[in-house]
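Chain by chain, the residues run as shown.
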Amino acid sequence: METLWFCLVAIMIAGYVVLDGFDLGAGIVHLLVARSDAEKRIVLASIGPVWDGNEVWLLAGGGTMYFAFPALYASSFSGFYLPLTIVLWLLIVRGISIEFRNHIASPVWTPIWDTGFTWASLLLAVFYGAALGNVVRGVPLDASGYFFLPLWTDFRARSSAGILDWYTILTGVAALLTLTMHGALWVAMKSPEPIRERAASLARRVWWGVVAATVAITAASFAIQPHLSERFAEAPWGFVFPVITLTGLLGVFLCKAPRAELPAFLSSCAYLVGMLTSAAFGVYPLLLPASTDPALSLTIHNAAAESYGLRVGLAWFIPGMLLAVVYATFTYRRFSGKLHLE
Amino acid sequence: MNLALAVDRLQFAFTITFHYLFPQLTMGLALLIFIMKTIALRTSDEQRRDRYNGAARFWIKIFAINFVTGVVTGIPMEFQFGTNWAQFSRAAGGVIGQPLALEGVYSFFLESTFLGLLIYGEKRLSLRLHWLSSLGVFAGSWISGYFIIVTDAWMQHPVGYRMAANGMIQLDSLRDLLLNPWALWQYTHNMIAAVVTGSFVVAALGAFYLLAGRHESYARTFVRLGVTAGSIAMILLIVPAGDQQGRMVTENQPVTLAAMEGLFQTVQGAPIALVGQPDTDKLQLDNPITIPKALSFLTFRRWTAEVKGLDAFPRDVWPDNIPLLYFSYHIMVGLGTILLAVMALSLWLLARDRLYTNRPALWLLLLMTPFPYIATTAGWMTAELGRQPWLIYGVMRTAAGISPHVSSGNGLFTLLGFLGLYMVLGILFLFLVWHEIEHGPEKLAEGAA
């Protein structure tokens, strides 16, 4: 039962990253691919009807983690106090930037929100990547199951490190590159020329960076967290996840034709899912490894709620999420196809 | 009180108070927009259909600004359970995580999907599908409200749980948790209050346009709809909702009742204090103006019933800020009474077809705008201050719930950050809403979504 909920929480997080990932990415590339006001409106319109729904995956995923693994929720949220609060602020700035911009057409008003949208999206991508890096690296949990990390200390990836060290900065940059590519592919798919060509060419160039980052964080992760190699050695079927990652990455490279925008975007989704599931598989059955003493790690067993809650949760969670998928499908179909410049 | 605890409490109080200014209008307005779309769908009179569709289109614009502000200030609420109240979350997450996750899964997906269609979809959807979108947004926001109330109600009146040996609080019955009798009345009370806020805002804007001599036909529609819905809501708010909510407090939190009413001594035939200042040193109400025996009647339906005062309870279960609790409660009731009177007067004038031209009455409606917000905030302060010193009533004290390693310095850093950010957000919100009001409903007339 705990394993099942581990998978469900991982699916919620993957769903969030894939979906909100493209609208974060659209924010990152916003100022790069859209020059005129009309073009900027296209980028915003491409995510307008869906970004809020995408962000719901974060809330629903957080809630799911809260009741399934309350000790993990309590420990990680209080331990990552500062970066999480900053993430909340960035989400606020980003949300209002998207929604407030188009209410007033003035050269004094719109640049504020274009800048806010871009920078908040960019920093969020870096923070999310660094957060994942922290989970893989481990945190200094004490015997009561809590910890507190400052933003940075000496940047060494040891138990004395803060949120940011060389490894988590690396994962942050990797996330930034990945979501830039992901967002550029989305914008290319939804936009008319000349935005499409700019976004597609940006995605092609960033792709090389994503390849380099993938290699670097794979090597660094195995060096820093020995649990990963143990996991892949004891359950070799887990290599299916890295294979998904590579297939996705290759797919993005191959689908370059203007008609292959949807396969290119879906390949990027596969890449993201592959990366996240590889990390989740490698960490399992840990939820939050302790960098102090491995025995203090939070695992699916010592952090889970008791069995009644998990069982009854399953009864409403599965149908509820199926319903959510139906809503999402409906929205994406209603708003499918390219947008046009006015 | 140690500093970290004080900062954690202040931050939660500030962020939730600011946040809830927006959802109360979201939920009230969602119902009113749904009513507008329903009238537009059902009428055969083309002019009437256009006016109600136009009215809905205008309010959807205001709704969208309000909604996004509510969303971005709402995300920190769920996260703060973990960031600032880790020991509480660790112990009780297995219980209250359920309604919070239910809210995400069953309401936010519904709400966000249909809101996208409601805002962006009028040109792409048929009239019926657009109406359905307004129903989806209404249902989504009201379901969301229920799950949040269930969460708070469990902290006020915990049910359906059991204490495990390791100090963790385990869910024993999801059914009991979701059907908590406290939640049912609190929800009724709260949602009707949201309708009151929405109605006053709609009516006040209509009054503003009439006073300014602009958008006359829309303005009349706003006033009529706001006053009609507001009058019905105002009555239901007091009886049965407020009355039954009061009974829940009387039965389950008698010490809270005593503090709310400023009743220091247990008496038979207790008076109700209309005005007065609680003096917690001398344990008396200064300068009281009271109605004799009224409190006994209201709480127990007998004029001579005994009502327990604060003296009947040990000091360590007294709410820790009695004066603020007392004033919050009295402000809620006092403003509620004024709002009822204004709605009654407006309805009377409306029925005699004199409201649209009666400038003093329109001014009165306009000036009432802040009061439903203040009354609702005061009501929530009554509930939450009344719960103190408990985080989970009778189970876990507030001081025992905070995050063990979050220092007061880090807490203050984020509190100040929220203060600054929300101040900017509040100014921007008012500015944009004002901009839409200036723009008016007229120019949106032909399908410009």
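Remember, it's a predicted structure, so these values are computed and weren't measured experimentally.

Let's shift gears to the overall build of chain B. Looking only at helices and strands, one finds 13 helices and eight strands in chain B. Along the three orthogonal principal directions, the C-alpha set of chain B runs to about 65 × 50 × 40 Å. Per-residue burial for chain B yields a buried fraction of 53% across its 449 residues. The long-range share in chain B, meaning contacts at least 24 apart out of those at least 6 apart in sequence, stands at 75%.

This part covers the overall build of chain A. What chain A contains, in helices and strands, is twelve helices and two strands. Tracing chain A from N to C terminus, the helices and strands come up as α-α-α-α-α-α-α-α-α-α-α-β-β-α. Put simply, chain A has 342 residues, and 58% of those count as buried. Sequence-distant contacts, at least 24 apart, represent 75% of the contacts inside chain A between residues at least 6 apart.

Glancing now at the interface of chain A and chain B. Chain A puts 52 residues into the contact, and the matching count from chain B is 53 residues. Sorting elements by how many residues they give to the side of chain A that touches chain B places helix α12 (residues 307-334) of chain A first, with 13 residues. Looking at the side of chain A that touches chain B, its residues break down into 34 nonpolar, 14 polar and four charged.

What follows deals with the pairing of strand β5 (residues 284-291) of chain B. Residue and element names in this part refer to chain B. With six bridges joining them, strand β4 (residues 272-279) and β5 adopt antiparallel strand pairing. Each residue of the ladder has a partner; that of proline 278, found in β5, is leucine 285. Linkage of β4 to β5, two consecutive antiparallel strands, is achieved through a turn of four residues, within which leucine 283 is found at a positive phi near 55 degrees.

Next up on the list: the packing of helix α7 (residues 166-190) of chain A against helix α11 (residues 261-283) of chain A. All names here are of chain A. At their nearest, the axes of α7 and α11 sit 9 Å apart, and the two run at 155 degrees to each other. As the angle between them shows, α7 and α11 are arranged roughly antiparallel. The way α7 lies across α11 gives a crossing that is left-handed. Note on element contacts: α11 touches α7 through Glu261, Leu262, Ala264, Phe265, Ser268 and Leu272, opposite Thr178, Met181, His182, Leu185, Trp186, Ala188 and Met189.

The next thing to look at is unusual backbone geometry. Cis geometry is adopted by the peptide bond preceding Pro285(A), which originates at Tyr284(A) and carries an omega value of 0 degrees. Within the secondary structure layout, Pro285(A) lies in the loop between α11 and β1 (286-288). In this structure, the amide linkage connecting Val239(B) to the following residue, Pro240(B), adopts the cis form with an omega of 10 degrees. Tracing the chain through its elements places Pro240(B) in helix α7 (residues 216-252). Even without being a glycine, Leu283(B) presents a positive backbone phi close to 55 degrees. Phi at Arg301(B) takes a positive value of approximately 60 degrees, unusual for a residue other than glycine. Position of Arg301(B) relative to the elements: it lies in the loop between α9 (294-300) and β6 (306-307).

To continue, consider the nonpolar core. Core analysis: the largest hydrophobic core is formed by 263 residues, its most contacted members being Ala125(A), Ala184(A), Val187(A), Ala199(A) and Ala203(A). With residues near it in sequence (within four places) discarded, Val187(A) still touches Ala26(A), Val29(A), Val33(A), Val43(A), Ser46(A), Ile195(A) and Ala199(A).

Below, the discussion takes up the environment of Pro319(B). All names here are of chain B. Assignment of secondary structure puts proline 319 in the loop between β6 and α10 (322-351). Separated by 69 residues in sequence, proline 319 and glutamine 388 place their C-alpha atoms 4.8 Å apart. Residues in contact with proline 319, not counting those within four places in the same chain, are Thr256, Ala259, Leu325, Leu385, Gly386, Gln388 and Pro389.

Quick look at helix α8 (residues 195-224) of chain A now. The end-to-end C-alpha distance of α8(A) is 41 Å, a good match for the 44 Å that 30 residues give at a rise of 1.5 Å each. Of all the bends in α8(A), the greatest measures close to 25 degrees and is centred on Val206(A).

A separate point is the environment of Val424(B). All names here are of chain B. Within the secondary structure layout, valine 424 lies in helix α13 (residues 408-439). A residue is classified by how many C-beta atoms lie within 10 Å of it, and valine 424, with 12 of them, is exposed. Taking the C-alpha atoms as reference points, valine 424 and threonine 83, 341 residues apart in sequence, are found 23 Å from one another.

With 38 residues, helix α2 (residues 46-83) of chain B ought to run about 56 Å at 1.5 Å a step, and its terminal C-alpha atoms sit 54 Å apart, in line with that. With respect to burial, α2(B) is a largely interior element, 30 of its 38 residues being buried.

Okay, the environment of Thr266(B) next. Residues and elements named next belong to chain B. Relative to the helices and strands, threonine 266 is located in the loop between α8 (254-261) and β3 (267-268). Using a count of 15 C-beta atoms within 10 Å as the deciding quantity, one classes threonine 266 as partly exposed. For the pair threonine 266 and glutamine 156, spaced 110 residues apart in sequence, the C-alpha separation works out to 24 Å. Those residues in contact with threonine 266 that sit more than four places away from it in its chain are Glu306, Lys308, Gly309, Asp311 and Ala312.

Once that is clear, we can look at the packing of helix α6 (residues 181-212) of chain B against α7(B). Two quantities define a packed helix pair, namely the angle between the axes and the distance from one axis to the other. All names here are of chain B. α7 packs onto α6 with a crossing angle of 155 degrees between their chain directions and a minimal axis gap of 7 Å. Put simply, α6 runs roughly antiparallel to α7. The hand of the α6/α7 crossing is left-handed. Partitioned by chemical class, the residues of the contact of α6 with α7 number 26 nonpolar, ten polar and two charged.

Procedures and definitions
Residues numbered from 1 in each chain as written. Chains lettered and ligands numbered in written order. Predicted model: local features only at pLDDT ≥ 70, side-chain atom pairs only at ≥ 80, totals over all residues. Helix = DSSP H or I, 4+ residues; strand = E, 2+ residues; numbered from the N terminus. Buried ≥ 20, exposed ≤ 12 C-beta atoms within 10 Å, placed from the backbone. Contact = placed C-beta atoms within 7 Å. Nonpolar A, V, L, I, M, F, W, Y, C, P; charged D, E, K, R; others polar. Pairing = 2+ DSSP bridges. Axes fitted to C-alpha atoms, helices over the stretch in contact; angles between N-to-C directions. Parallel < 35°, antiparallel > 145°, perpendicular 65-115°, else oblique. Left-handed = near helix turned anticlockwise from the far one by under 90°. Core = buried A, V, L, I, M, F, W, Y, C linked by C-beta atoms within 7 Å. Expected span 1.5 Å × (residues − 1). Bend = angle between axes of the 7 residues up to and from the residue.

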